[in-house]
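Given next are the chains, with one letter for each unit.
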Amino acid sequence: MVHRDVDRSVGVLHPGSMGASVAAQAVAGGAEVRWLPRGRSAATRRRADGIGLRAAADLGELVESCQVILSVCPPAVALDVAREVARAGFRGVYVDANAVSPERMADIAEVVTAGGASVVDGGITGPPPREAGTSRLYLCGDAPAVARVAGLFQATALAPFPLEGPIGRASALKLSFASYNKIAYALAAQACALADGHGVLDELIDLAAGALPGTPLARPERLAGAGRKAWRWEPEMEEIARACAQVGLPTGFAEAAAETFGRWEAHKDDGTVTGARLIADLRRTERPGEPGTA
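Rules of the game
- Residues numbered from 1 in each chain as written.
- Predicted model: local features only at pLDDT ≥ 70, side-chain atom pairs only at ≥ 80, totals over all residues.
- Heavy atoms only, no water.
- Helix = DSSP H or I, 4+ residues; strand = E, 2+ residues; numbered from the N terminus.
- Rg over C-alpha atoms; globule rule 2.2 N^0.38 Å.
- Buried < 20%, exposed > 50% of the residue type's maximum accessible area, 1.4 Å probe, protein only.
- Contact = heavy atoms within 4.5 Å.
- Areas by Shrake-Rupley, 256 points an atom, 1.4 Å probe, with all protein chains shown as cover.
- Lys, Arg positive; Asp, Glu negative; His and termini not counted.
- Charge placed at Lys NZ, Arg CZ, Asp CG, Glu CD.
- Polar contact = N/O pair within 3.5 Å; in protein donor to acceptor, adjacent residues only side chain to side chain.
- pLDDT = per-residue confidence, 0-100.
- Pairing = 2+ DSSP bridges.
- 1 Å grid on protein atoms, 1.4 Å probe; cavity = no way out; pocket = protein on both sides within 12 Å on 5 of 7 lines; lining within 4 Å.
- Points joined across faces, edges and corners; volume = space filled by probe spheres on them.
- Right-handed = clockwise from strand over helix to strand, strands pointing away.

(A) Up close: the overall build of the protein chain. Looking only at helices and strands, one finds 12 helices and eight strands in the protein chain. Against the 2.2 N^0.38 benchmark of 19 Å for 294 residues, the protein chain shows a C-alpha radius of gyration of 20 Å, consistent with a compact globule. Structurally, the protein chain occupies a C-alpha span of about 60 × 45 × 40 Å along its principal axes. When each of the 294 residues of the protein chain is scored for burial, the buried share is 47%. Within the protein chain, contacts between residues at least 6 apart in sequence are counted, and of these 64% link residues at least 24 apart. Carbon and sulfur atoms form 53% of the exposed surface of the protein chain, whose accessible area is close to 13,800 Å². Here the protein chain holds 31 positive side-chain charges and 34 negative ones, and the gap between their average locations is 4 Å.

Here is the structure:
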């Protein structure tokens, strides 16, 4: 049995697929983890109960009872979540583990530290952590705070990787990896849609199977996973574009990927969507649900 150390109490905002998996690893590492069930779906409640999270009545109770708060939410609302926590009077260690640009991470840090808390910049790479060797949590910022957060995940499936240097480095690393890993899906989908439009999709898949085996281009069924997560990936691409602009890089790759993922928003968390459907969606001139769309 894992001993729960009350001095290692953690709050998680908000346990979606990734957030719940991260919270589960903190529980496995011996932390007592709390969350806010109010307004959350029945599926989210079942997920939280299943991994042993404790419910808090409201944000005030969560802030008062936790020394560390983990923010794992869509990047578009990360700054708003930080503001809510700061307004609630949190004075512990706030970990923003969202896919945000270094510039936005700086805004988050300014908001949280103004309220008296310490901030750790976190970047999660890999799938929701369930087994060792698949997922990493990069951390940077105030050294004692980084060490404290890293300690929560020692010997768990989410391997902590402290980075030297200021806030923003973990976010930059996360987005740099995502700019290759996730835009690759958008590129594969674009190529497949182009081939489909000209009647040579089967030939393209055959060509890619020999030249680029194992890629989404050779196996378009792998696009299905991206389709289910496109509602999160679209704002992440916008953060990547922001990060590129900050260092004088072209933003077009990320902006085009955001447009691609935007056409798949209707398939949020849809376990039945196929690669063929996603390819067909790209050939529409309107987004799903807009006038003129079948």
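(B) Local environment of the side chain of Ser21. With respect to the helices, strands and loops of the structure, Ser21 is situated in helix α1 (residues 17-28). A residue is classified by how much of its surface remains accessible, and Ser21, at 7% relative accessible area, is buried. A distance of 3.1 Å separates the side chain of Ser21 from the backbone oxygen of Ser17, its partner in a polar contact. Apart from the residues lying within four places of it in its own chain, the contact partners of Ser21 are Pro128, Pro129 and Arg130.

(C) How the structure looks around the confidence of the model for the protein chain. On average, residues of the protein chain carry a pLDDT of 92, and 94% of them reach 70 or more. pLDDT under 50 marks residues 1-6. Its contacts with residues more than four places away, or in other chains, come to 12 contacts. Every residue in residues 290-294 is under pLDDT 50, and counting partners more than four places away or in other chains gives seven contacts.

(D) Looking closely at the pairing of strand β8 (residues 158-162). Examined bridge by bridge, strand β7 (residues 135-141) and β8 share five bridges and lie parallel to one another. Considered in β8, the bridge of Leu139 is made with Pro162.

(E) Looking closely at empty space enclosed by the protein. Summed over the entire model, instances satisfying the criterion amount to one cavity of 30 Å³ or more. As a volume, the largest cavity reaches approximately 30 Å³. Together, Val22, Leu70, Val72, Val95, Ala97, Ile124 and Leu137 line the largest cavity.

(F) Spatial organisation of the pairing of β7. With five of its seven residues buried, β7 lies for the most part within the structure. Across six bridges, strand β6 (residues 118-125) lies against β7 in antiparallel orientation. Paired with Gly122 across the strands is Leu139, a residue of β7. Once the chain exits β7 it traverses helix α6 (residues 143-152) before rejoining the sheet at β8, and the crossover so formed is right-handed.

(G) Representation of the environment of Ser65 in the model. In this structure, Ser65 sits in helix α3 (residues 59-65). On a C-alpha basis, the gap between Ser65 and Val10 in space is 8.3 Å, while along the polypeptide they are 55 residues apart. With residues up to four places along the chain from it excluded, the contact list for Ser65 reads Ser9 and Arg34.

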